[in-house]
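Structure at a glance
Single-letter residue listing:
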Amino acid sequence: MLGIVRRKVCAKGLPVTVPGETLRFFRPVVHALRNYSSAAKELTVREALNSALDEEMSADPKVFLMGEEVGEYQGAYKISKGLLDKYGPDRVLDTPITEAGFTGIGVGAAYYGLKPVVEFMTFNFSMQAIDHIINSAAKSNYMSAGQINVPIVFRGPNGAAAGVGAQHSQCYAAWYASCPGLKVLSPYSSEDARGLLKAAIRDPDPVVFLENELLYGESFPVSAEALDSSFCLPIGKAKIEREGKDVTITAFSKMVGHALKAADILAKDGISAEVINLRSIRPLDRATINASVRKTNRLVTVEEGFPQHGVGAEICTSVVEESFGYLDAPVERIAGADVPMPYAANLERMAVPQVEDIVRAAKRACYRSVPLAAAA
Amino acid sequence: MAMSWNSRRVIGAVKRVTPQWKSIVARKQGDLLPTLRLFPFPFIGDGSDGVFPRRFQSTEAEKMLELSADRSLEFPGGKVTFVSSMNFLAEASAERVHCYRTLDESGQPLMSSKFLEVSEEVAVRMYTAMVTLSQMDSIFYEAQRQGRISFYVTSIGEEAINIASAAALTDDDLIVPQYREPGVLLWRGFSLQEFANQCFSNKADYGKGRQMPVHYGSNKLNYFTVASTIASQLPHAVGAAYSLKMDKRDACVVTYFGDGGSSEGDFHAALNFAAVMDAPVIFICRNNGWAISTPTSDQFRSDGVVVRGQAYGVRSIRVDGNDALAVYSAVQSAREMAISEQRPILIEALTYRAGHHTTSDDSTKYRPADEIQLWRTSGDPVTRFRKWIECNGWWNNAAENELRSNTRQQILNAIQVAEKVEKPPVADLFTDVYDVPPPNLQEQERLLRETILRHPADYPENVPF
């Protein structure tokens, strides 16, 4: 049976190493769970998010969803499908087109005790509301000395989609993650999506939840306890998607998929890559990253966003501060091109990291005898 | 109606007709001609200008009879009556929206004034609070000038708005202020000592020294902490009102903002949303004529802020903000409407910012000093209210002197005490960023403490460990 599972898993393009027969004999626990054990069910990320929202709204009457098209239209990307019918217009609010307005209103509702989930059609539009996210939500607990806490979640697709141009493709992980008072999460798989969204909604602090449009339709196997309504993943813990010993590759969101593919390719060349799915950008799981680098001695950070002041820059500094002596090679940073996202398909492809870029970077980190210019 | 019409070859005319654009208000049938002038109809008529307009008029009359039976169109949003004459709504009505007031400048009730009754007890309490607020402002302003606090914002000239609006509400109503409404907090019971503690950002400050002076807040008194961002509190108020609505409480939210704040995008979104969501929120605009140095003539071209209410479907009223009784009546009525009908209300209180914008401003640089002086004396709302209560036999000179000297003493005392209280401890630098302090901050605090112990000379002495 395990053999069948393994084949199914690989057929979806997920190079997961299922650790043998042991899985059949113990009940997987969330934290010990490294891989998709006893995976009987597949869930798309969309279904995972929908079920997480449904369960949290059902469990707590203070939770409500607001955003453009979330109600009648079932969600711009159908994430909130069926929720209006189930919970009514009091708890699933279709808003006028004013991000600044509805974000401010969500924050005000959170000030007064409700638990809003504010959806941005994409995080690009959150720039119109960023004053409320930072000045009214992130800083409030501190500025009011604990008198006003803001249990709000801002969620929506982040980063590049396909062919949507510069104003719809920016990655905001670095921007939000630099702000104290916010928590920033970015799921990859369906299990991540479910567990992290539930954790975000239950968290008393404001959380920015960065999804990815291209991942919505992707299916991942989910374990039985991930399907349980009390399932929750811890905020601030990264997941080691694939163990390795030669080089550490960190990534989040869509890039985790790319990193896993790159790890497969590298394995054929005898390089065993450890892939870390960050899950949480703020707080960053520095402990896991550093422990991994201390094991492998080499690091490649991967992100989709702009390189300057990006997530990779922060990870690099953390490793230099804490594990400098363990590094055998300079840290390699893979990021999107330092240009506004072009539209033409060929240009777009060149502006976003591809699997080959990660492979080359890992090889550079491992060999260092190949000059950078020649390897580019 | 022979005119330059003849000189304009309408048929096939490429040249644009540019008439004088006066505001075109309702015109009668016979005036159709000038309207036509603006609109080249290249496909009608035979090019003979004199005959053309009249021919069109006659066929027009026929069409009018046919369609009179069905004079409305259904568009998304509901039925609309159509008209065949093109009328632009004027950018301003002939008369400005009237302003509700009950007392004249010398505190005498106007002949026909209608206002809610105020008992002696409430009136005297209101007056006392107005005097306290005004004195607190002067003394704290002076303290800033002396360098004892770094910054202060006075509410001089707006005491009536502050106190009267507060008096008209209940303690359950949630206040979401801008920054010129400390009087509301004062009315609800915030002590002079508590005000001083916040301004001196000492250990007893409820804000733990995190914010600039005048950023007061009190959960207990239902007063949201002041934030520096302009008008961001307006959508917050609507969100909070939505929350109240879902709780079905007998309470509303009251939020304040200035003439300048009404230009922010948040104002638009908040009013719009409040109307759409049927939120029980009262928007009180303190139109005091100035947004730092920007006079209202540079701030907007509408007739103040009150006319905007209708644009969003919000019931509104304009009130004399220096007339405490008028403000009291208007706010109390608004509260009843907001709660019983679950709707937002907009109140524009006209007043004058008799002080500077803040202690960082010198308003004599952009407005005449005698204008300021005039408003401080003959326009003063505190004096006006005093005359009314004296007229009713509820107040006299002796009471006045006693109040002023007592309050002054209390304020000076509060300042002296606040100045001596310790500053917040080092631990307060790191708490409340999140619900639970994260490990990186715990580590930073530990490192900071170690560094302070190792290099005490590099750190100020008055920071408690």
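Since the model is a prediction, treat every value here as computed from it, not as a measurement. (Residues numbered from 1 in each chain as written. Chains lettered and ligands numbered in written order. Predicted model: local features only at pLDDT ≥ 70, side-chain atom pairs only at ≥ 80, totals over all residues. Heavy atoms only, no water.)

Remarks on a nonpolar patch on the surface
Residue and element names in this part refer to chain B. Keep this limit in mind: Patches in this entry comprise residues that are over 30% relatively accessible and not in a salt bridge; like charges within 9 Å are linked, as are nonpolar side chains (Val, Leu, Ile, Met, Phe, Trp, Tyr) within 5 Å. Accessible surface area values rest on a Shrake-Rupley calculation with a 1.4 Å probe, where residue burial reflects the displayed protein chains alone. The salt bridge criterion pairs a side-chain nitrogen of Lys or Arg with a carboxyl oxygen of Asp or Glu, the two atoms within 4 Å. Here a helix means four or more residues in a row that DSSP labels H or I, a strand means two or more in a row labelled E, and each is numbered from the N terminus. Relative accessibility decides the category of a residue: with a 1.4 Å probe and only protein chains considered, values under 20% of the type maximum give buried, values over 50% give exposed, and everything between is partly exposed.
A cluster of nonpolar side chains, Leu73, Phe75 and Val80, forms an exposed patch at the surface whose accessible area comes to about 270 Å². Note that leucine 73 resides in strand β1 (residues 72–75). Among the residues examined, leucine 73 registers a relative accessible area of 39% and is labelled partly exposed.

Some words on the side chain of Arg210(B)
Which entries qualify depends on this criterion: In the analysis that follows, any N or O atom pair within 3.5 Å is treated as a polar contact, provided that within protein one partner can donate a hydrogen and the other can accept it, and provided that, for residues neighboring in sequence, both atoms belong to side chains. Between two residues, a contact is recorded if the distance between any of their heavy atoms is within 4.5 Å.
The topology assignment puts Arg210(B) in the loop between α6 (192–199) and α7 (233–247). Overall, the relative accessible area of 14% leaves Arg210(B) in the buried class. At a separation of 2.7 Å, a polar atom in the side chain of Arg210(B) contacts the main-chain carbonyl oxygen of Tyr142(A). Excluding residues that lie within four positions of it along the chain, Arg210(B) makes contacts with Asn141(A), Tyr142(A), Met143(A), Ala145(A), Asp205(B), Asp428(B), Thr431(B) and Asp432(B).

Side note on the nonpolar core
Short version of the rule: For the purposes of this section, nonpolar cores are sets of buried Ala, Val, Leu, Ile, Met, Phe, Trp, Tyr and Cys residues that join through side-chain atoms within 4.5 Å.
Residues Phe154(A), Val238(B) and Phe283(B) are the most contacted members of the largest nonpolar core, which totals 77 residues. When residues no more than four places from it in sequence are discounted, the contact partners of Phe154(A) are Thr103(A), Val107(A), Val118(A), Phe120(A), Phe123(A), Ile133(A), Ala137(A), Pro206(A), Val207(A), Val208(A) and Phe209(A). Of all hydrophobic cores here, the second largest spans 71 residues; its members include Ile161(B), Leu192(B), Val331(B) and Ile389(B).

Concerning the packing of helix α4 (residues 159–167) of chain B against helix α11 (residues 324–340) of chain B
Any two packed helices are characterised by how steeply their axes cross, that is the angle between the axes, and by the distance between the axes. Residue and element names in this part refer to chain B. Let me state the cut-off plainly: Lines fitted to C-alpha atoms define the axes here, with helix axes fitted over just the stretch in contact, and angles between the N-to-C directions of these axes take values from 0 to 180 degrees. Angles are sorted into four bins: roughly parallel if under 35 degrees, roughly antiparallel if over 145, roughly perpendicular if 65 to 115, and oblique for all others. Crossing handedness follows the turn of the near helix against the far one: under a right angle anticlockwise gives a left-handed crossing, and clockwise gives a right-handed one. In this classification, Asp, Glu, Lys and Arg are treated as charged, Ala, Val, Leu, Ile, Met, Phe, Trp, Tyr, Cys and Pro as nonpolar, and every other residue, Gly included, as polar.
Orientation of α4 relative to α11, taken along the N-to-C sense of each, is 40°, at an axis distance of 8 Å. With respect to α11, the element α4 is oriented oblique. For the pair α4 and α11, the crossing hand works out as right-handed. For the pair α4 and α11, contact is made by Ala160, Ile161, Ala164, Ser165 and Ala167 and by Ala324, Val327, Tyr328 and Val331, respectively. Tallied by class, the residues present in the contact of α4 with α11 amount to eight nonpolar, one polar and no charged.

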